[in-house]
Amino acid sequence: VSGLRRDGSVFPAEVSLTTLAGDPPRVLAAVRDITERLALSRAAREALTTLDATDDGAYIFCPTTLRFSYVSEGACRQLGYTRAELLRMTPLDVRPEVTEEEYRAMLASVQQSDPPKCRFVTEHRRSDDSRLPVEINLQYLAPHGEQPRFVAVVREISERLKLEREAHRADRRQSIGRL
């Protein structure tokens, strides 16, 4: 609902009603200004919409269960899974060549590093079982009062690897030509 301030301005409000026992029964109404809550919600939606529009994949996952709690649309496009499918998965499902023990050891190493992050290149398994070369920026976050989590930003690097191979071949041809 909308509320009206003393100065005549209108604000978004939330109203809670409670029935009080008595004769006659009465109703207590509590009115809360939710302007700030709506602004924060709008900002969060805008951030997620922006993140979803990027080509990179973004993943958030739990350090204990390893299950994804958030995946961006970029992640879905990269791997060919729906968001619902990915949210039932873990990083091990897209990196099947790594054992859980190896993966947890790597995560423990990240958690103990200062700052708690790392960057590495690997391959992800897509829904059609093809392989996708990626660079992963992985960071461990443990904000005070919140659940700890890992955040991974994943960039597909097929084109970069192709250009690096072509540059390497050109360098080799140039070196051979000088002999």
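Everything here concerns the structure above.
In this text, all values refer to a predicted model and were calculated from it rather than measured experimentally.

## Focus: the environment of Ala13
Line of reasoning, step 1. Note on placement: Ala13 falls in strand β2 (residues 10-20).
Line of reasoning, step 2. Using a relative accessible area of 5% as the deciding quantity, one classes Ala13 as buried.
Line of reasoning, step 3. Setting aside residues no more than four positions away along its own chain, Ala13 makes contact with Val1, Ser2, Gly3, Val31, Arg32 and Ile34.

## Digging into unusual backbone geometry
Line of reasoning, step 1. Put simply, Asp23 and Pro24 share a cis peptide bond, and its omega is 5°.
Line of reasoning, step 2. Here the residue pair Asp114 and Pro115 is connected by a cis peptide bond, since its omega of 0° sits within 30 degrees of zero.
Line of reasoning, step 3. Here Pro115 lies in the loop between α5 (100-112) and β6 (117-125).
Line of reasoning, step 4. The residue Leu66 is not glycine, and still its phi comes out positive at about 70°.
Line of reasoning, step 5. Along the chain, the position of Leu66 falls in the loop between β4 (57-61) and β5 (68-71).
Line of reasoning, step 6. Using a relative accessible area of 1% as the deciding quantity, one classes Leu66 as buried.
Line of reasoning, step 7. Notably, Asp129 is not glycine yet its phi reads approximately 75°, a positive angle.

## Describing empty space enclosed by the protein
Line of reasoning, step 1. Tallied over the full model, the rule gives 1 cavity of 30 Å³ or more.
Line of reasoning, step 2. One number sums up the size of the largest cavity: a volume of about 100 Å³.
Line of reasoning, step 3. Taken together, the elements giving at least two residues each to the lining of the largest cavity come down to β4, α4 (91-94), β6, β7 (131-141) and β8 (149-156).
Line of reasoning, step 4. In terms of residue class, the lining of the largest cavity is made up of 11 nonpolar, 1 polar and 1 charged.

## Describing the side chain of Gln78
Line of reasoning, step 1. By secondary structure assignment, the location of Gln78 is in helix α2 (residues 73-79).
Line of reasoning, step 2. A polar contact is formed between the side chain of Gln78 and the backbone oxygen of Val154, at a distance of 2.9 Å.
Line of reasoning, step 3. Dropping the residues within four chain positions of it, Gln78 is found in contact with Asp55, Asp56, Gly57, Tyr59, Arg126, Leu132, Val154, Arg155 and Glu156.

## Side note on the pattern of salt bridges
Line of reasoning, step 1. Tallied over the full model, the rule gives 13 salt bridges.
Line of reasoning, step 2. Taking the shortest distance from any N to any O, the salt bridge between Asp33 and Arg5 comes out at 2.8 Å. Highlighted residues: Asp33 in strand β3 (residues 26-33) and Arg5 in the loop between β1 (2-4) and β2, separated in sequence by 28 residues.
Line of reasoning, step 3. Given a relative accessible area of 41%, Asp33 falls into the partly exposed group.
Line of reasoning, step 4. Judged by relative accessible area, which is 32%, Arg5 ranks as partly exposed.
Line of reasoning, step 5. What you see here is one network of salt bridges that share partners, running through Glu14, Arg32 and Arg37.

Rules and cut-offs
- Residues numbered from 1 in each chain as written.
- Predicted model: local features only at pLDDT ≥ 70, side-chain atom pairs only at ≥ 80, totals over all residues.
- Heavy atoms only, no water.
- Helix = DSSP H or I, 4+ residues; strand = E, 2+ residues; numbered from the N terminus.
- Buried < 20%, exposed > 50% of the residue type's maximum accessible area, 1.4 Å probe, protein only.
- Contact = heavy atoms within 4.5 Å.
- 1 Å grid on protein atoms, 1.4 Å probe; cavity = no way out; pocket = protein on both sides within 12 Å on 5 of 7 lines; lining within 4 Å.
- Points joined across faces, edges and corners; volume = space filled by probe spheres on them.
- Nonpolar A, V, L, I, M, F, W, Y, C, P; charged D, E, K, R; others polar.
- Polar contact = N/O pair within 3.5 Å; in protein donor to acceptor, adjacent residues only side chain to side chain.
- Salt bridge = Lys/Arg side-chain N within 4 Å of Asp/Glu carboxyl O.

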